[in-house]
Amino acid sequence: MTAQRSAPLTPPDVFSGQLQQFQAELQRAMLQSMRTLEVLSARDEANVGKTPKDVLWKRGTAQLYRYRRTTADVYPVPLLMVHSLVSKPYILDLIPGNSFIEYLVGQGIDVYLIDWGTPRPEDKSLTLESYALDMIPEVVGVVLEESEASEFSLFGYCMGGLLALLYAGTHPEAPLRNLITLATPVDFSQMGLQNFWSQELSMDVDRLVDVYGNIPPELIQQSFRMLKPASEFSPVRYINLWQNVMNDRFVEQYRAFDQWTNDHIPFPGECFRQTTIELARGNKLVKGTLELGGRRVDLKAIRCSFLAVAAESDHIVQLPATQMQPDLVGSDDKELVVMPGGHVGLAAGRKAVQTLWPKVAAWLGERSQTAPAGAARRGGRR
Amino acid sequence: MAESAPRIPTPQDLLGPWRQMAEQAEQQWNQYLNQAMGTEAFAGMMGRYMEGYLAFQQSLARNVERYMQSLNLPTRTDITAIGERLASMEAQLSALAAEQRRLLKKVEALEAGGGAKKARGNGNGA
């Protein structure tokens, strides 16, 4: 062996080893490329929204789910999650092992979710009032009844957070214990290009709603894509997939994310008109002049514990549009958490799994121990 | 000599710098295009394009509706109107069911209260 080592290597010796390695690498690269093409051309649905649940309430396309407990002890204050009106809620229950809802249920939280469903043409007349003053209050009644709780927590992602704020701002008497918003826009003047394109010069909102009824999902998707136009043609995401394509877990997650980002739903027309005129153009929520069904939306009337979560690099709801929430509400116990990453990553990204979910669960757990009114009756986790 | 022999770069090695370059280019193009799309000229153009497209859509919808009517077939508007009526009935039913649940609870509470009173009354009498 020593004799072999001391013998001088000739160039063919050196390169034959390197060549073999190069061939192996090339073979691996070919395999990766083939698998990448396979993943990109797959037509079957990703395994999304699988946390076991029961349907408790239905109205039109909307449904209320209650997720089945997986722990012996459950906090006495249930959590009602409200999703956005432009996307499907399975981003909150993405895939088993990477699901925010599954995680919360595993932490002993009694989770309910309102799934607005896919609006049908006849839903074009739904307004912000339909959600904040009609459906959410009705669902809250069902949640309190089912969980036999005297208080509840509310969570909203993106526009779902806005609906949660509108509900809380018009129902100061509601037994709301905690309110959490995730990537929720409030200051629409800070929404960048989206706000600019909502003005009269770019969009005749009345004409749009009158012609279409509901705003087609393609239009909403296109407006999001136009915020990062070059990313549509960029090879970066494909490189990412190519590099990790042999990791089944990564592929499963990639497919679920990809499906969700292309799975938008129609936006109820009247609600879109209202959001554009009252919020995007008038910025009435921040100004405190927004009225729903004759009631002023008073964010200062929100006195419950409040947590706002924003993403540093969110290009859809930019940080300045969301970060002032704690200043707007009247709560004493309030907090803003700014996470690294983007809009979608906040709900189900790797960093969210590692840091945000434990943070939210801990924050909620501390504030869901006992309901003051029923403290003696329930006495902590049940 | 074997240790210092040049290593032939693999596809994985080449990808790193290329990816970095692509990321930078993507960011720069996004910035540039966002600037271009944030101008009044672009907004005006978008408004005009949308106006034209909506006019086309509206005229198409009207023509299809007239055609369906001439064939004595229900139009999209008719179906939507039926859907709206169904939705309204569903909402009313849902409200009635909620009211029924509320009343039922009240009755149960009253019955439980009445039972307790009766039991107390019997106890006092005995």
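Placed above this text is the structure.
Reading the values: rules and limits
- Residues numbered from 1 in each chain as written.
- Chains lettered and ligands numbered in written order.
- Predicted model: local features only at pLDDT ≥ 70, side-chain atom pairs only at ≥ 80, totals over all residues.
- Heavy atoms only, no water.
- Helix = DSSP H or I, 4+ residues; strand = E, 2+ residues; numbered from the N terminus.
- Buried < 20%, exposed > 50% of the residue type's maximum accessible area, 1.4 Å probe, protein only.
- Areas by Shrake-Rupley, 256 points an atom, 1.4 Å probe, with all protein chains shown as cover.
- Contact = heavy atoms within 4.5 Å.
- Buried area = accessible area lost by both parts, 1.4 Å probe.
- Salt bridge = Lys/Arg side-chain N within 4 Å of Asp/Glu carboxyl O.
- Nonpolar A, V, L, I, M, F, W, Y, C, P; charged D, E, K, R; others polar.
- Pairing = 2+ DSSP bridges.
- Axes fitted to C-alpha atoms, helices over the stretch in contact; angles between N-to-C directions.
- Parallel < 35°, antiparallel > 145°, perpendicular 65-115°, else oblique.
- Left-handed = near helix turned anticlockwise from the far one by under 90°.
- Core = buried A, V, L, I, M, F, W, Y, C linked by side-chain atoms within 4.5 Å.
- Arc of directions from axis to C-beta.
- Phe/Tyr/Trp six-rings, centres within 6.5 Å; stacked < 30°, edge-to-face > 60°.
- Lys NZ or Arg CZ within 6 Å of the ring centre and 35° of its normal.
- Right-handed = clockwise from strand over helix to strand, strands pointing away.
- Expected span 1.5 Å × (residues − 1).
- Bend = angle between axes of the 7 residues up to and from the residue.
- 1 Å grid on protein atoms, 1.4 Å probe; cavity = no way out; pocket = protein on both sides within 12 Å on 5 of 7 lines; lining within 4 Å.
- Points joined across faces, edges and corners; volume = space filled by probe spheres on them.

**A closer look at the overall build of chain B**
Across its full length, chain B holds three helices and zero strands. Starting at the N terminus and ending at the C terminus, chain B contains elements arranged as α-α-α. Counting the 126 residues in chain B, one finds 17% classified as buried. Within the structure as shown, chain B displays about 9,900 Å² of accessible surface, and the carbon and sulfur contribution to it stands at 61%.

**Some thoughts on the interface of chain B and chain A**
Each partner contributes residues to the interface: chain B has 45 residues there, and chain A has 46 residues. The junction of chain B with chain A conceals about 4,100 Å² of combined surface from both sides, 64% of it contributed by carbon and sulfur atoms. The tally of links from chain B across to chain A stands at two salt bridges. A salt bridge links Glu145(A) to Arg101(B); its shortest N-O distance comes to 3.4 Å. Elements that contribute at least two residues to the side of chain B that touches chain A include exactly helix H1 (11-37), helix H2 (40-70) and helix H3 (76-125) of chain B. In the side of chain B that touches chain A, the residues fall into 21 nonpolar, 13 polar and 11 charged.

**Side note on the sheet that holds strand E3 (residues 79-82) of chain A**
Residues and elements named next belong to chain A. If you walk across this open sheet you meet the eight strands as E1-E2-E4-E3-E5-E6-E9-E10, and the pairing is mixed. Bordering the open sheet on either side are strand E1 (53-59) and strand E10 (334-339), each of which pairs with just one other strand. The average angle at which neighbouring strand axes cross in this sheet is 15 degrees, direction not considered. For strand E2 (residues 62-67) and strand E4 (residues 111-115), the ladder comprises four bridges, and the chain directions are antiparallel. The residue of E4 that forms the bridge with Leu-64 is Ile-114. Across the sheet, helix H16 (residues 350-366) touches E3, strand E5 (152-157), strand E6 (176-182), strand E9 (305-311) and E10, and the angle it forms with E6 is around 165 degrees.

**Overview of the packing of helix H7 (residues 205-212) of chain A against H2(B)**
Direction vectors running N to C along H7(A) and H2(B) enclose 25 degrees, while the axes themselves pass 10 Å from each other. Considered as vectors, H7(A) and H2(B) are oriented roughly parallel to each other. For H7(A) against H2(B), the interelement crossing comes out left-handed. Contact with H7(A), carried on its side by Arg207(A), Leu208(A), Val211(A) and Tyr212(A), involves Met50(B), Glu51(B), Tyr53(B), Leu54(B), Ala55(B), Gln57(B) and Gln58(B) of H2(B) and no other residues of that element. Looking at the contact of H7(A) with H2(B) residue by residue, the classes come out as seven nonpolar, two polar and two charged.

**So, the nonpolar core**
Residue and element names in this part refer to chain A. Formed by 114 residues in total, the largest nonpolar core has its most connected members in Met-81, Ile-91, Leu-92, Trp-116, Tyr-157 and Leu-179. By residue number, the principal contributor to this core is helix H4 (residues 128-147), which donates 10 residues. Contacts of Leu-179, omitting those with residues within four sequence positions, involve Leu-154, Ala-164, Leu-165, Ala-168, Ile-302, Cys-304, Ser-305, Phe-306, Leu-307 and Trp-363. Judged by nonpolar contacts, the second largest core, of five residues, contains Val-39, Val-245, Val-251 and Tyr-254.

**Thoughts on the packing of helix H9 (residues 236-244) of chain A against helix H10 (residues 248-261) of chain A**
Residue and element names in this part refer to chain A. Running from N to C, H9 and H10 cross one another at 155 degrees; their axes reach a closest spacing of 9 Å. In terms of their interaxial angle, H9 and H10 are classed as roughly antiparallel. The hand of the H9/H10 crossing is left-handed. Each of Arg-237, Tyr-238, Asn-240, Leu-241 and Asn-244 in H9 lies in contact with H10, whose residues at this interface are Phe-250, Val-251, Tyr-254 and Asp-258. Taken together, the residues of the contact of H9 with H10 sort by class into five nonpolar, two polar and two charged.

**Here we look at H7(A)**
For H7(A), the full list of buried residues reads Val205(A), Leu208(A) and Val209(A). One side of H7(A) carries all its buried residues, which in axial view fall inside an arc of 90 degrees. Buried residues in H7(A) make contact with helix H8 (217-225) and helix H11 (269-281) of chain A together with H2 of chain B.

**Quick word on the pattern of salt bridges**
Residue and element names in this part refer to chain A. Tallying each qualifying case throughout the model produces 27 salt bridges over all chains. Its salt-bridge partner being Glu-232, residue Arg-225 comes within 3.4 Å of it at the nearest N-O pair. Close ionic contact of Lys-359 with Glu-335 constitutes a salt bridge, the shortest N to O distance being 2.8 Å. One end of the pair, Lys-359, is in helix H16; the other, Glu-335, is in strand E10, with 24 residues separating them in the sequence. For Lys-359, a relative accessible area of 30% puts it in the partly exposed group. Salt bridges here are not isolated pairs; linked through shared partners, they connect Asp-206, Asp-210, Glu-270 and Arg-273.

**A short note on the packing of aromatic side chains**
Residues and elements named next belong to chain A. Taken as a whole and judged by the stated rule, the model has 11 aromatic pairs over all chains. Linked through ring pairs, Phe-100, Tyr-103, Phe-155 and Trp-357 together constitute an aromatic cluster. Positioned above the aromatic ring of Tyr-65 is the side chain of Lys-53, whose terminal nitrogen or guanidinium carbon lies 5.0 Å from the ring centre.

**Topic: the pairing of E6(A)**
Residue and element names in this part refer to chain A. Among the seven residues in E6, seven count as buried, and that is most of the element. Looking at chain direction, E5 and E6 are connected through six bridges and run parallel. From the neighbouring strand, Phe-152 faces E6, where its bridge partner is Leu-176. The parallel pair E5 and E6 is bridged by helix H5 (residues 159-170), and the resulting crossover is right-handed. Here five bridges tie E6 to E9, and the two strands are oriented parallel to one another. Residue pairing for E9: Thr-181 is matched across the bridge by Ala-308.

**Structural notes on H16(A)**
An α-helix turns once every 3.6 residues. As a result, residues three or four positions apart point the same way. Given a rise of 1.5 Å per residue, 17 residues ought to cover 24 Å, and the 24 Å separating the end C-alpha atoms of H16(A) matches this to within 8%. Within H16(A), the axis deviates most sharply at Leu356(A), by approximately 40 degrees, and proline Pro358(A) lies no more than four positions further along.

**A few points about the layout of surface pockets**
Roughly 1,000 Å³ of internal volume is contained in the second largest pocket. For the second largest pocket, the lining is made up of 39 residues, of which Met203(A), Leu219(A), Ile220(A), Ser223(A) and Phe272(A) are closest to its centre. Mapped by element, the contributors of at least two residues to the lining of the second largest pocket are H5, helix H6 (193-197), H7, H8 and H11 of chain A together with H2 of chain B. Of the residues forming the lining of the second largest pocket, the biggest block, seven residues, is contributed by H2(B). Looking at the lining of the second largest pocket, its residues break down into 29 nonpolar, nine polar and one charged.

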